[in-house]
Structure formats: structure tokens, C-alpha cells
Amino acid sequence: MTAEGIGAPVKRKEDRRFLLGKGNYTDDITLPNQTYAVFVRSMYAHAKITGLELDAARAAPGVVDILTGADVAADGLGGLPCGWLIKNKDGSNMIEPPHPALAQGKVRHVGDPVVMVIATSKAAARAAASLVEVSYDPLPAIGLLADAIKPGAPVVHDEAPDNTCYDWHIGDPALTEAAFKSAAHVVAIDLTNNRVAPNAMEPRAAIGDYSAANDNYTLYTTSQNPHLIRLLMAAFTLHVPEHKIRVVAPDVGGGFGSKIFHYAEELLVAWASRRVGRPVKWTSDRSEAFQSDAHGRDHISHAELALDASGKFLGLRVKTLANLGAYLSTFASSVPTYLYATLLSGPYDFPAIYAEVRSVFTNTVAVDAYRGAGRPEASYLLERLVDKAARQLGMDRIELRRKNLIRADQFPYQTQVALQYDIGDYHATLDLALEKNDYKHYEQRKAESAKRGKLRGFGISTYIEACGIAPSAVAGALGARAGLYEAGTIRVHPTGSVTVFTGTHSHGQGHETTFAQLVSEKLGVPIANVDVVHGDTDRISFGMGTYGSRSAAVGGSAIMKALDKIVDKGKKIAAHLLEASVGDIEFKDGNFRVVGTDRVKAFGEIAFTAYVPHNYPIETVEPGLEEQAYYDPKNFTYPGGTHLVEVEIDPDTGVCDVVDVTIADDVGVVINPMIVDGQAHGGLAQGIGQALFEEVRYDADGQLTNGSFMDYCMPRAADLPNFKVGNHVTACTHNPIGVKGVGETGAIGVPPAVINAVIDALHPLGVTDISMPATPEKIWRAIQAAQTKTKGA
Amino acid sequence: MATITLKVNTQVRTIECAPTTLLVEALREHLRLTGTHVGCDTSQCGACTVHVNGKSVKACTMLAAEAEGAEITTIEGLAQGGTLHPMQAAFQEHHGLQCGYCTPGMIMSATDLCRRSPDPSEHEVRHWLEGNLCRCTGYHNIVKAVRAGAAGMRGGK
Amino acid sequence: MKDFQFHRPKTIKDAIALVQASEGAKFLAGGQSFLPVLKLELAEPSDVVSLGAIGELRDVRVDGDKLLVGALVTHDEVSRSPEIAKAIPGLAALAAGIGDAQVRNRGTLGGSVAHADPSADYPAALLGLGAAVITDRRSIAADDFFTGLFATALEHGELVTSVAFPIPKRSAYVKFAHRASKYALVGVFVAETAHGVRVAVTGAANQVFRVAAFEAALAKHMAPAALDGITVPHAELNGDAEASAEYRAHLIGVMARRAVEALR
């Protein structure tokens, strides 16, 4: 390794512009002659639109144009597509109701956009929007997931009369049935995985800029994957060929999944810009974001675990109801299926698994991928169930896990739910976490808390996730409508500095640093001489973007492949200059050397020669030093580990303080430990957020009741402790870096550890269950209920 | 329209704007100082924090007209001649930022804390930052950075 | 935000005249409650009269058995004032816990009192200490000042100029904050005053209120245990997704006990 290569905790290259206030986020961009769009959105969860009165708004000062669903239809804009086809149990296709960019006669959730008002200032657009009168005929609505499948429930889409998008399954029902028949113990649990809002700190924004001069569209947007947006606009929504569309995702202030999807506003500002002949900018308010950004999670599940007399897992049966919201968002269908149920084996050796998932429409904003996407739901279900089993069987929860974890010598391990884990050492991460937590002194800490009147609880979760999505052929066979490779280009400049072009997108992950470290590792170039370009379809040839912790594993691997090509070409040039055969040239520490000699050409000399090819193998080698590679992953990667949480509960108020968080992850080879730890911290905060603080609340009629930062609780600095983070590395076996991915680990592993800790703290009082988020009132009520029961008994 | 004269990052500036203009709008849209961000509409997130006469204030919760005659410091005014302010340097050193969106507000808030309390405890930092939300870092490294930044400020760097 | 005329007078007299001149006019102090209201268009004033250029109303002084705090003194200044820390440490501690640092840097005592948010902290101190709200024309006892949800005894154009807090023997405020907004779900101010024990509760109902049963019990025996078995009926309390009325009623008891423990 070089001083700045793989494994070096170098400081981030991108920080300086952010620290100086010189970041370039979408809303920071102002184009000449720019106009401003404001959307009139439905206040009803479900209603027929019976009339639109636009005259007063049209006459308002500064109004440039007002566009409606009728204009969208007249111009033939396509509906927003879903990128993953799920098949029902009977082999038929899922139902895909239309998802128009502006409502066509009906609104289906609070926040559904109805009218687009464009004016010369945001204030003017807002004022005019308040003059738009939409007449509605309200319809009965479904606000709560459980209500969607009740007999006689309102129907969200005529295409899906029972509100079901698909009824899907995975695993072997007969094998699982047999396993349960032979079981000594069966443990059952009913769980809700609470609906949460991603709430990246930067609200979404988009600017459309149509140029009549060359009939080109430029879209600036807060996206995690600009090429994907361009592809979807070209193929499905705007119907303009890709070479006429440029999508720029500049600095993006966090995504967490919510900025993967192709949103109506992106299409509409691009389209409207052509209509009005001026750039059109839209920036979401936070309250608007709560009604228009895709949310995450929202499952109701019943699960059963079969064990033999010794506690060995025999089988798992799961039935899940998943909320998709009112419309299918870009990857919504894949989240409760292939990103969830395929993970139900967790880190455990399960001989049989059968899972059924029914996903339904409700009158709520779309639900799609949020940090972890499906995998937190799987891990929460399993880890709650395993803890319950330990309690029911009277076994130690750590020993029960130890007994059932896949052993290091069992890899590659084929699960019963399609995935094949390539490598891992779950016992090692378990031991490391327990050691870092100082578990052997836990009882002392508990006693000390008790002295202060606090109930202390210890919670554990051993988890796994699948990242680095995905082998395109596998994804395609499962219904994905896109490839999931990544592209990387290395441009070595004549003086030896390097520009990297990547199809992934960095919105906090630090790619400008980690990818430069890969270059430094391979070419020996200092990272100061490497710039990483991302987020612009005109500069980067192609890419699938950043989500599912895939950037290092897939995007990084593409860069490594391209770097290999650079080295190969460099060897040919060096061989020529050193008058040796290519086979005798080795490249090491930034030098091309004839093996076993002191005949050397530095990388910089080779780069220069490539562009000034005076003495050059011109017949066989082209001038220039730029290489591109596409990398299609051979498998998913499987990070995993153990998360331990200690909580202290104030029995008088129910307030739960997280007092210790200790984790040991195996995220594969670590490129930058500082950044990897930071990613773990962020995931932990969001995971703890889901467990204790966060929940998007709709009432039964589909009204959103906590759609602002005044009501929606997210953890603040004072709500969290410092995190103890350990790493145990087993290198991924199938990508060139050995990296697995770290973006989501915290959000996946920690929620069940938190809840298991809460239940552990309250169990002596008789509490056996509590749902997320475990708010102070919920905990207080659980204590009250348990005490009443005890007194009654 | 109102005419407002104020000092921003030591320069006297005059703005013509509607009376309803918020300070953050004046900074971002009229003066093109886009380092000050907007993350919410209910005065919770603190991404818009600037200093008004030396104290941290949410620029989304103050009318621009109220800043008449005031001295405003934004994130753009902290570094001197290209050298990062000790708090900025500490955020880089301790990886106190990821997406960078909350960062200007965090730093403006932190420098106000350290001006009052030159060696804040972890507890003090965590409580002081109640007006600033971050969704990326879990605050762990922000807290570390603020305490290191305090040391840098004490050092007079 | 709806359009309004903005005024920034230099004197109290001008400020009052400007508000009195128009029925739709409103005073603007620190704006930490009022600006969010304007942004959400929950109020649409014709005129906004800023008190920001007024040099007065910013004093803190002890006058005999009273602490006088000017209406434009910020929460941050209250929390750091050595005079207040000495006279009524419970008030200083309350101010230190309002909102967050940025809010405390702008928000003012007068603004908070006049806004009368049912979840604000100051009303508990005013009622708990038996303070008087001094306006440009009269003095209003806190018991008479808060009249309902965001409602006070102030007339249109009447300006709060200061608050006179009787200095208690001991006092304390403990709150259970809403985890998102930081407003009080329940805040309890307990004071041992020259005229007896006072207990005021904010956050739990449509307006701040006193708990006579607590006061009587604590008057007999100033200890947390004195409150054992006494409950506040939850029927008239607010309930929402963050805290039901029953939970709020329970928290009033817990916060009151903790305030008694924290008296100083």
C-alpha cells in the first residue's frame, strides 16, 4: 500500500469547498432568466378532481405559465415507471397502475401534485399558487397499511381492486412445513416495521433548462444517479433521446435512498422549460418533502421460528404485508421482495425458509428504498424473533446465536432464499463486539444504573446484509429492468495527474477521496494529483449511480479494472522505451521496471510519452493514456457483524437513553478507515432514530399528521452517545478490492439491538414486547400495563 | 420594497428587497452567499445559522429588514485569506462532515459556543448543538471536531 | 409569507402609535415564535412593527423584593445574567432550556409572554412566581394575564415593557420537552414565595395553569413525597401523538416532584 492508498485514513479532498461555504448544491444554482415553479398539491388523501379554477392565478403578477394534468396528457408525457417487475405466486405480473406526473382526474395521496405554477420569483409563484382553486369530490381513503386488505376497503387504483400490487413468495413451503412438523419448539412473533422519512438535510430541488438553439435539455437535480434519471426520462417520461438530455447532479446534501428515484418534478421542470422558453427551478420546502419524497419501511409481519430441542434453527416462516404507498416509485417493488426476503436467513444456518409478501397500495406517498432498504426489515424481524426464542427456551441469547451462526468453514454458504454468501466470520465479529463492549462487566454496569434508579438493558443483533447490487443477469432474471454494472474511466494527463470519471455519485460518502486512494494505490500518484468527477451525464459516459452500498464494490471495481488497463498499456510503452519485452515489465510503487534490473521508467514519464509519442510503439499502441472499464459484479457482497446496545430507562417517565453502542462489522477491505467509521456512525444514528424516535404518522383517513421537523423526531447530538466501532475483515472473494460496502450497516444492524435492549431492561417488570419507535410514552405505558398485570395476578 | 444596509463578512452591503424577505433569502438570493443553507421551514434544522452581531441566529427566522445596521458573519466570512478557521480545519481533521449541507450551520453554531465557552465538555457541545440537525454523521465526529476546534481557537490560530 | 408594511421605530411611543394605527398591525420582538407563524401564513398582519431599533426595554435590575426584566431581554441574556442567577436561579435555568441556542439568542421575554404559546416555558415562570406583566399603560398580574390558547389580557397596541418577578425564597422549573420541537410537553414551575407555594404547569393544556392541590400539599410539607397520591385529572389536558392526556397528567406529577427536588 502507498501512504495514501487502500487502508490510509487520509483527510477528505471534498471537504474544503463545503467548509468554505462553496459547495454547489442544486438550489445554489441560478440560471439567467430563471423562473420558479411551485406545485399545488392535494390536501386530500383520495379525491376526484371536479374542477380547476386558474384565471385568478393566471392574472397574478409575475406568472409565466400554469400547467395541469391536461397539459401533461396533451404533450404525451409518460407516467413515472417502476424499474423492477415482480411476479405473483402464480407467475402473473404485478399490477402497475399509471403514475402521472400531474394528477389526471384523481388524487391519491396528500401531496399528489395537481397544478404547476411558474412565475418570475418564488414569492410570485407561491402567491399565484394560493389563488388556484381545485374542486374536489373526496373519496374514502386508506391511511393505514393494515386497512388496505380489509374487506370493503376503498380502492386506490381500479387496476388493483383488492389494492394488491403483487402477492409473492420465496423459499420452499413443503420443506419448511416439514421442518415445523419436526420442531421441538416454535416461536412466533408479530411485528410492525415503522414508516420513516429519509429527510436528507438538503430538500430535493430541480432546474430544467431547455435550449431551443440545439433542442437540448439540461436538468440539474438532487439525484443519487443522474444517468438513471436520464435513461428513464429518455425511455419513459420525456420521450427525448438521451443525447439530447444532460442530467447534472451537483453537490447533493444526503440521499439515504430518497434521491434514487425519478420524481415527477424532475420531468416537469425539464418539460416546462421547453414550454416557457426559460429555465424553471423548483426547490422543495421541508413540509412539501414530507408529502412528496418517498418514505421507507412500513411492514407488518408475522414470523415463526422452528427449533429443535437443543435450540438449533430448523426453519423460518414469514408472512409480510408491505406498503407501497399510492404509486409505484422507481424501485418500490423490489424492496419488500428481493432486498428483504432474500435476507431472511440472516447470518444463520437455516435448513428451511418460506416467506410470503403481499405489497399493497394505500393513500399515502410512495414507499421505496431508504438506507438499508428491505434488509433492516429482515434483520429486525429475525433478531427480535431470535431474542424471543432465547427467552422462550430459557437459553442465553448470545449462546443461541453462537449456536446458529454460519461457521467460517461453511462458506460459500447457500441460503434457502436464493443468495450465496461468499465469505464471512460471524463468530469473530460477535466475539470482537463483546470484547469491545466489555460484556463481562455488564452486570456491574447494570447494578450501577439501578443505584441511580435506572433500568439498564443490553441488546444484541447479529446481522448480515447484501450490498453491491448486483450481477445484471441475476437481477434481470429476478425482474430488474436495468443492468447493475458500473462504469469508470481513468484519464491520465500528459503531466501524470489523473482524472477519474465514475458513474457512481457521492452525496456524503467521500468518493472524491476513496476513489483517488484507489488511483494512488495502483499508480502511486499522490491523491492531490487525482480528481474524481461524478454527477454529470455529459462528462461521464455512463453509470448506474449510488445506492445499496454499491459504490466501492461495483464503482470502485470498475475503476480498478480501468486502472489495470492503464498499467497494461503503460507496460507496453515502458517495454518499448526500456527495450524489453512486455512480459518482463513489472509495475510497482509508481515505476515500470524490467524485472530484476534497475532499468526503470517512472509512471510520469510513461504518461508524458503517451501524449508526446516521439519514441513510441505507434504501430501497436495508440497514443494517449485513458481507459474505461465496465464492471458487472459476480455476486452481491455480504457485510455483516454484531451490534450491541445498552440503554438506560427512567421508569418514572419512560425516557430511554442509549448509553452504549458497540459494533463490530465486517465490511471487507477498508479503503479509508476514517470514512468507513463515519458511515457506520451515520447509519447507527438513523437506525437508533427508527428504533426510538422516528415514525411518519398517517391517520386512518390518510392525513399526514407529523409532516414537519416540529413534529417528526430525529436524533439530535444530545440524544446519542459516542459509538465504539470495530472492524474484522474478511475480504470479499469476487471483486478486485475485496470491499463489501458500509453505507447501510448501522441502519440495518442496530434497530433490533436497541429494541432488544429496551425489552431486556423492562423484562424483569414483565414487559415482553414493544414496537418501534419506542417512545417514552410507549415505554411508560408498557411498564404500567405490566405492573397492572402483575398486581392483578 | 425596503432598502437595507448591513455589514456582511466585514463588507457594507445594501439590499433592495420586499419587507417579507428573510435574512437567509437576502444572503442566498440577493448577495449570492449560498453557503448558508435552508433545510426546513419550521426553524428546527439550523442549516441557516449565521452570526448576527456575533451571536448565532437562524437566518430563516429573522427578517432581512431586522438586520439593518447589523454585522453579519456567514460561513464564507470565517476563513482568512484562504486559511481555514480553526473550527473549519477541525471539521476536516475529524471528519465532522459528510454531505456538507448542515456543515456551515454547525460551524457557525460551534464557533458561537466556543467564543462563550472556550473549552466545552462533550456534554456541553452535544446540548449546544440542539439547534442543528445532521443526518449523516451521527454527531460523533462533529462533537470531536467542535472540541478540537475549540482548542484551535484557544490557540489563537 | 403575505405582504405587510414593515416599520422599525426608534421609540416605544412611535411603536405603539404605529400598531394602534392599524387593526392588522403586530409588534415584532425577537420573532422566534412570530416568524414561524408568518412563514406558515397562520397570521397575515397588515403591518409589522419591529422593536429591534428600540434601545429601551433591555434592562435587568433588582428593585427591593422584585426582579425587573425588560421585555426585550433575550432568553440567552436571562440565562447568563448574574443578577438573575442570584435572585431567581430557577428563572435563569428555565431560560437556559428554552428552544435551542439560536432561539435563545434572538427570542425575548416580552415576545414569549405576549405570544402566550401554551407550550412556552416563560408563562410557567410568570404564573409560578406570581409575576406582574408591566405594559405601557398598566400592570397585569400573571394570574389574570394568560386567558387562553395564544390569548392574553393585552389590548391591541398594548406593549409589554417588562415583567416584575417577586423574588421567591426558592424556585425551580423542570420540563419534559417534545423531542422534535423542544417545546414543553409538560413544564412545571414550583416556587416558595412570600405569599405561599405556587405550582404552575405549561405545555399540558390550552394555557398555563396552577395546581391548587399540589400547592396545598407542598405548603404543608415541601418535599417530593408530599405529592404522592395527588393526581391532576387528565380530562382537561391536551393529548396528541407525542403525549396523551393521561401521560401528560402523569408527567406533571413527575416533573413537579423533580422541581421540588431542584428548588434553590
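Analysis parameters
Residues numbered from 1 in each chain as written. Chains lettered and ligands numbered in written order. Predicted model: local features only at pLDDT ≥ 70, side-chain atom pairs only at ≥ 80, totals over all residues. Pairing = 2+ DSSP bridges. Helix = DSSP H or I, 4+ residues; strand = E, 2+ residues; numbered from the N terminus. Axes fitted to C-alpha atoms, helices over the stretch in contact; angles between N-to-C directions. Parallel < 35°, antiparallel > 145°, perpendicular 65-115°, else oblique. Left-handed = near helix turned anticlockwise from the far one by under 90°. Contact = placed C-beta atoms within 7 Å. Nonpolar A, V, L, I, M, F, W, Y, C, P; charged D, E, K, R; others polar. Buried ≥ 20, exposed ≤ 12 C-beta atoms within 10 Å, placed from the backbone. pLDDT = per-residue confidence, 0-100.

### Focus on the sheet that holds strand 20 (residues 498-502) of chain A
Pairing between the strands of a sheet comes from backbone hydrogen bonds, and it takes one of two forms, parallel or antiparallel.
Residues and elements named next belong to chain A.
No. 1: Pairing in this open sheet of four strands is mixed, and the strands run 21-20-19-25 from one edge to the other. In this open sheet, the two edge strands, each paired with only one partner strand, are strand 21 (530-533) and strand 25 (626-631). If you compare each strand with its neighbour and ignore which way they point, the axes differ by 15° on average.
No. 2: The sheet contact formed by strand 19 (residues 486-492) and strand 20 spans five bridges and is antiparallel. If you follow Val492 over to strand 20, its bridge partner there is Val498.

### A closer look at the packing of helix 3 (residues 103-116) of chain B against helix 5 (residues 140-154) of chain B
The geometry of a pair of packed helices is captured by two quantities: the angle between their axes and the separation between those axes.
Residue and element names in this part refer to chain B.
No. 1: Following both chains from N to C, one finds helix 3 and helix 5 inclined at 50°, their axes separated by 10 Å at the closest point. Put simply, helix 3 runs oblique to helix 5. Judged by the twist between their axes, the crossing of helix 3 over helix 5 is right-handed. Only Ile142, Val146, Gly149, Ala150 and Met153 of helix 5 make contact with helix 3, whose side of the interface consists of Met106, Ala110 and Cys114.
No. 2: Within the contact of helix 3 with helix 5, the residues separate by chemical class into seven nonpolar, one polar and no charged.

### A short note on the environment of Asp652(A)
No. 1: If you trace the backbone, Asp652(A) turns up in the loop between strand 26 (640-649) and strand 27 (656-666).
No. 2: As for Asp652(A) and Gly743(A), which are separated by 91 residues in sequence, their C-alpha atoms are 37 Å apart.

### Things to note about the interface of chain A and chain B
No. 1: Contact residues are listed per partner, giving 43 residues for chain A and 43 residues for chain B.
No. 2: Among the secondary structure elements, those contributing two or more residues to the side of chain A that touches chain B are helix 1 (15-19), helix 8 (286-292) and helix 17 (673-693) of chain A.
No. 3: For the side of chain A that touches chain B, the element with the highest residue contribution is helix 17 of chain A, accounting for seven residues.

### Notes on the environment of Asp59(C)
No. 1: Its location among the elements puts Asp59(C) in the loop between strand 3 (47-50) and strand 4 (60-63).
No. 2: Put simply, Asp59(C) and Ala164(C) are 105 residues apart on the chain and 12 Å apart in space, counted from C-alpha to C-alpha.

### Regarding the sheet that holds strand 2 (residues 47-53) of chain A
Residues and elements named next belong to chain A.
No. 1: Sheet architecture is open: three strands sit in the order 4-2-6, paired in antiparallel fashion. Of all strands in the sheet, those with a lone pairing partner are strand 4 (106-107) and strand 6 (133-138), marking the two edges.
No. 2: Note: strand 2 against strand 4, two bridges, orientation antiparallel. Residue pairing across strands places Lys48 opposite Lys106, the latter belonging to strand 4.

### Quick word on helix 8 (residues 122-129) of chain C
No. 1: Buried residues dominate helix 8 of chain C, accounting for eight of its eight residues.
No. 2: Positioned one or two residues after helix 8 of chain C, Gly130(C) has a phi angle of 65°, which is positive.

### Considerations on the environment of Val19(C)
All names here are of chain C.
No. 1: On the secondary structure map, Val19 appears in helix 1 (residues 12-20).
No. 2: Separated by 30 residues in sequence, Val19 and Val49 have C-alpha atoms that sit 6.8 Å apart.
No. 3: Not counting residues up to four positions away in its chain, the partners in contact with Val19 are Ala25, Phe27, Val49 and Gly157.

### Some thoughts on the packing of helix 14 (residues 511-523) of chain A against helix 15 (residues 551-577) of chain A
Residue and element names in this part refer to chain A.
No. 1: Viewed as axis vectors pointing N to C, helix 14 and helix 15 meet at an angle of 35°, and their least axial separation amounts to 10 Å. Between helix 14 and helix 15 the crossing geometry is right-handed. In this structure, helix 14 uses His511, Thr514, Phe515, Leu518, Val519, Lys522 and Leu523 to contact helix 15, whose residues at the interface are Ser551, Ala552, Gly556, Ile559, Met560, Leu563, Ile566 and Val567.

### Points about the confidence of the model for chain B
No. 1: Of all residues in chain B, 99% attain a pLDDT of 70 or more, and the chain-wide mean is 97.
No. 2: Taken together, the chains of this predicted complex give a pTM of 0.98 and an interface ipTM of 0.98.

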